[in-house]
Amino acid sequence: MRQFLKYVLATIVGLLLFSFVGFLLLIGLGTALSSSDKKTTVKENTVLKLDLDKPIEERSVDNPFKGFGPISGGGDAIGLIELKQTLKEAKDDDKIKGIYLQTESPAAGWASLEEVRNALIDFKQSKKFVYAYAETMTEKGYYIASVADKIYLNPAGDLEWNGLNAELSFFKGTLDKLGIKPEIFKVGEFKSAVEPFIREDMSDPNRKQVNSFLNSVNDHMLVRIAQSRNLRVDSLKRYADELTIQKPADALRTKLVTNIGYQDELESVMKKQLGVDEKKKINYVSLSKYENSEKVDAESEGTGSSRIAVIVASGDIQSGKSGENSIGSETIVEELRKARLDDKVKAIVLRVNSGGGSALASDVMYREVQLARKSKPVIGSMSDYAASGGYYMLMGCDKIVAQPNTITGSIGVFSLLFNTENFFKDKLGVTYDRVKTNTNADFPTGTHEMTPFQKQTMQRATERIYAEFTGKAAAGRKLPIDSLRAIAGGRVWTGSQGKAIGLVDQLGGLDDAVKLAAQTAKLKEGDYKLKYQPRKKEFFEQLMMSFGNDEDAKIQAQLGELAPYVKYLKKLKTMQGIQMRLPFEVDIR
């Protein structure tokens, strides 16, 4: 009887807790939904507070739970497209008098930072101020802040100025300890995606290409900063080599910052600029609030009855539907087809941010690009990455636009399989046996060593895909096949390098790609609207995804600095078979 009462009591407590949590969720839902319906009213004499210390993705998520902690999902990420449109609106908004910029360590690629930086430069044409404040700043944060009229660094703060670094991880030792043998098939001297599994360091060709594109990104950054701060490039290089910037006073002396001071001191300067009494508060409006004002609507940018479809593809390439961080060939083909068949759509811009993935899925999307360009212009726009499979998607476009610091190229192919026979046998005590109707019925396999004939077959298949890749790239870029293969081989290039060797037609961002699409379609400025595709997910779709697909966020929260390694190993399950990927997980910082 006592045991029965214990179970009854536990059930009642569980029901009460469930009801209480559900009640809180309903209150939160009601609050979030009601607040999402309200448009922000911007007061006179307002400063746009721009906090860029968040992930910057291609598009933001319409999420009324933004900022509501564990149920906010991915809603706190900044959408690059929405941010740029917001800055355009703020530039012409008489109520916005300037920008207070916080950019210590933005989580974004260099091409995305370039777009943000250029948007801030454009904002400054309005003669409104841009003031930046930071306690600490990485090179990425400083790259954006360098356009500001005033740069305040906290007296106890720090400015990182020691050059860029690209560090690669290698797992050969781990696989050796586990008894897992990678079976590698590749084409291209520089196609180094397999090196983490078979080496403990970079090969000479890989080191050569990393050194080349890393210095290209760094040189571009230094030139732009020198232009903004009226400094010399050789001085900036010397400061990094000699670790000159040891304390805030060094940053002030070398003119990397304009002031050493606290946040309240910068606010005092802003109050004088705004004509606000020292005892009163500054009217700030956050990016998310201003995006919700009546002035901003990035999804219906422009006017006119004609349309330019901007199809956004971001993430690893795979077959099927697109996910939150993946490009699904089925989704992109559907969007390309809709844009192709829509008479109102006069041109297409395919915006790609991807280091590649499935060779098959890449080719499926390439085919749809070819069909689309038969009826209307198709312009490719490269974001942070458009390499390997990401380049494959774009190489059939009429023209390709890339930022100088975009990572592109990597025209090469590899196949990867893991022989786990010894791992299961020696570590877990699991063995395998088989019966076959034909000699190669178990091909390909990861449970035992493949025969020399089977390995040869895999290598031939990889070479065949490479021949198709380079052949189609040569045709799309109108280059002789020998010339194309001389710059292929899996080698990675920056956008500026790609422009010099014929992989890219024009340097610039998404806006430049849209302008080129309009010109090619003979549309005048103001005669067209932008139509972003695929559509943004509805709130409840995103809410369900935030509950079910937040595994990466959990890994990050639990493992911290170790998270990238676990995520990389987790990705291995999608890397088996014939792949078109960047030669490594690259993070330039």
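Preceding block: the structure.
Residues numbered from 1 in each chain as written. Predicted model: local features only at pLDDT ≥ 70, side-chain atom pairs only at ≥ 80, totals over all residues. Heavy atoms only, no water.

A. Broad picture of the overall build of the protein. Counting its regular elements, the protein contains 22 helices and 22 strands. Across the 589 residues of the protein, 49% fall into the buried class. Across the protein, contacts joining residues at least 24 apart in sequence account for 75% of those joining residues at least 6 apart. Total accessible area on the protein is roughly 28100 Å²; 52% of this is exposed by carbon and sulfur atoms. (Helix = DSSP H or I, 4+ residues; strand = E, 2+ residues; numbered from the N terminus. Buried < 20%, exposed > 50% of the residue type's maximum accessible area, 1.4 Å probe, protein only. Contact = heavy atoms within 4.5 Å. Areas by Shrake-Rupley, 256 points an atom, 1.4 Å probe, with all protein chains shown as cover.)

B. Seen up close, the packing of helix 3 (residues 110-124) against helix 7 (residues 204-229). At a minimum axis distance of 12 Å, the contact between helix 3 and helix 7 shows a crossing angle of 15°. Looking at the two axes, helix 3 sits roughly parallel to helix 7. Where helix 3 crosses over helix 7, the two elements pack in a sense that is left-handed. Of helix 7, the residues touching helix 3 (which contributes W110, E114, R117, N118 and I121) are V217, H220, M221, R224, I225 and S228. When grouped by side-chain class, the residues that make up the contact of helix 3 with helix 7 number five nonpolar, three polar and three charged. (Axes fitted to C-alpha atoms, helices over the stretch in contact; angles between N-to-C directions. Parallel < 35°, antiparallel > 145°, perpendicular 65-115°, else oblique. Left-handed = near helix turned anticlockwise from the far one by under 90°. Nonpolar A, V, L, I, M, F, W, Y, C, P; charged D, E, K, R; others polar.)

C. Local environment of the nonpolar core. Residues L48, L50, I99, L101, L120, W161 and L236 are the most contacted members of the largest nonpolar core, which totals 60 residues. For this core, the element with the most residues is helix 7, which contributes eight residues. With near-sequence residues (within four places) excluded, L48 lies in contact with L87, A90, I96, G98, I99, Y100, V285, S286, L287 and Y290. Among the nonpolar cores identified, the runner-up in size contains 44 residues, and I317, I327, Y366 and F469 belong to it. (Core = buried A, V, L, I, M, F, W, Y, C linked by side-chain atoms within 4.5 Å.)

D. Here's a closer look at the pattern of salt bridges. Per the counting criterion, the structure on display carries 28 salt bridges. The partner of D398 in a salt bridge is R373, with the nearest N and O atoms 3.2 Å apart. Remark: R373 occurs in helix 13 (residues 359-373) and D398 occurs in the loop between helix 14 (389-394) and strand 16 (399-402); sequence separation between them is 25 residues. The exposure class assigned to R373 is partly exposed, which follows from its relative accessible area of 27%. (Salt bridge = Lys/Arg side-chain N within 4 Å of Asp/Glu carboxyl O.)

E. Spotlight on the sheet that holds strand 8 (residues 259-260). As summarised here, the arrangement of the six strands in space is 8-6-5-4-1-9, forming an open sheet in which the pairing is parallel. Since the sheet does not close on itself, it has two edges, and those belong to strand 8 and strand 9 (283-286), each with one partner. Summarising the sheet, strand 1 (residues 46-51) and strand 9 pair through four bridges and their orientation is parallel. Considered in strand 9, the bridge of L48 is made with V285. Against the sheet, helix 2 (residues 80-92) touches strand 1 and strand 4 (96-102), its axis set at about 160° to strand 1. (Pairing = 2+ DSSP bridges.)

F. The arrangement of the pairing of strand 4 in detail. Among the seven residues that make up strand 4, five are buried, leaving the element largely enclosed by the rest of the structure. Note: strand 1 against strand 4, six bridges, orientation parallel. Considered in strand 4, the bridge of V47 is made with G98. Two strands pair when backbone bridges link them, and strand 4 and strand 5 (residues 129-137) are joined in this way by four bridges, in the parallel orientation. Looking across to strand 5, one finds that L101 is bridged to A132. Assessed by its sense of winding, the connection that carries the chain from strand 4 through helix 3 to strand 5 is right-handed. (Right-handed = clockwise from strand over helix to strand, strands pointing away.)

G. Inspection of unusual backbone geometry at higher detail. Cis geometry is found at the peptide bond from F443 to P444, where omega equals -10°. With respect to the helices, strands and loops of the structure, P444 is situated in the loop between helix 15 (421-427) and helix 16 (452-477). Of the consecutive residues Q533 and P534, the connecting peptide bond is found in the cis state with omega at -5°. By the secondary structure assignment, P534 is in the loop between strand 21 (528-533) and helix 20 (539-548). Its identity as a non-glycine residue notwithstanding, N230 has a phi of 55°, on the positive side. Mapped onto the fold, N230 is located in the loop between helix 7 and helix 8 (233-241). Exposure remark for N230: the relative accessible area of 71% places this residue in the exposed category. A positive phi angle, near 55°, is found at K478, a position not held by glycine. A residue is classified by how much of its surface remains accessible, and K478, at 69% relative accessible area, is exposed.

H. Spatial organisation of the side chain of K84. Assignment of secondary structure puts K84 in helix 2. We classify K84 as buried; its relative accessible area is 7%. A distance of 2.5 Å separates a polar atom in the side chain of K84 from a polar atom in the side chain of E115. Excluding residues within four positions of it along the chain, K84 makes contact with E115, A119, L510 and D511. (Polar contact = N/O pair within 3.5 Å; in protein donor to acceptor, adjacent residues only side chain to side chain.)

I. Seen up close, the packing of aromatic side chains. Inspection of every chain in the model, using the stated rule, returns nine aromatic pairs. Seen in terms of ring centroids, Y366 and Y392 are 5.5 Å apart; in terms of plane orientation they differ by 80°. Their pairing is edge-to-face. Highlighted residues: Y366 in helix 13 and Y392 in helix 14, separated in sequence by 26 residues. For the pair Y366 and Y392, one class covers both residues: buried. Measuring from ring centre to ring centre gives 5.9 Å for F424 and Y432, while their planes differ by 85°; the resulting arrangement is edge-to-face. The exposure class assigned to F424 is partly exposed, which follows from its relative accessible area of 22%. Relative accessible area serves as the criterion here: at 38%, Y432 is assigned to the partly exposed category. Ring-pair connections join several aromatic residues into one group, and the members of that group are Y366, Y392 and F469. Here the guanidinium or amino end of R117 rests over the ring plane of Y143, the centre of that ring lying 4.6 Å away. (Phe/Tyr/Trp six-rings, centres within 6.5 Å; stacked < 30°, edge-to-face > 60°. Lys NZ or Arg CZ within 6 Å of the ring centre and 35° of its normal.)

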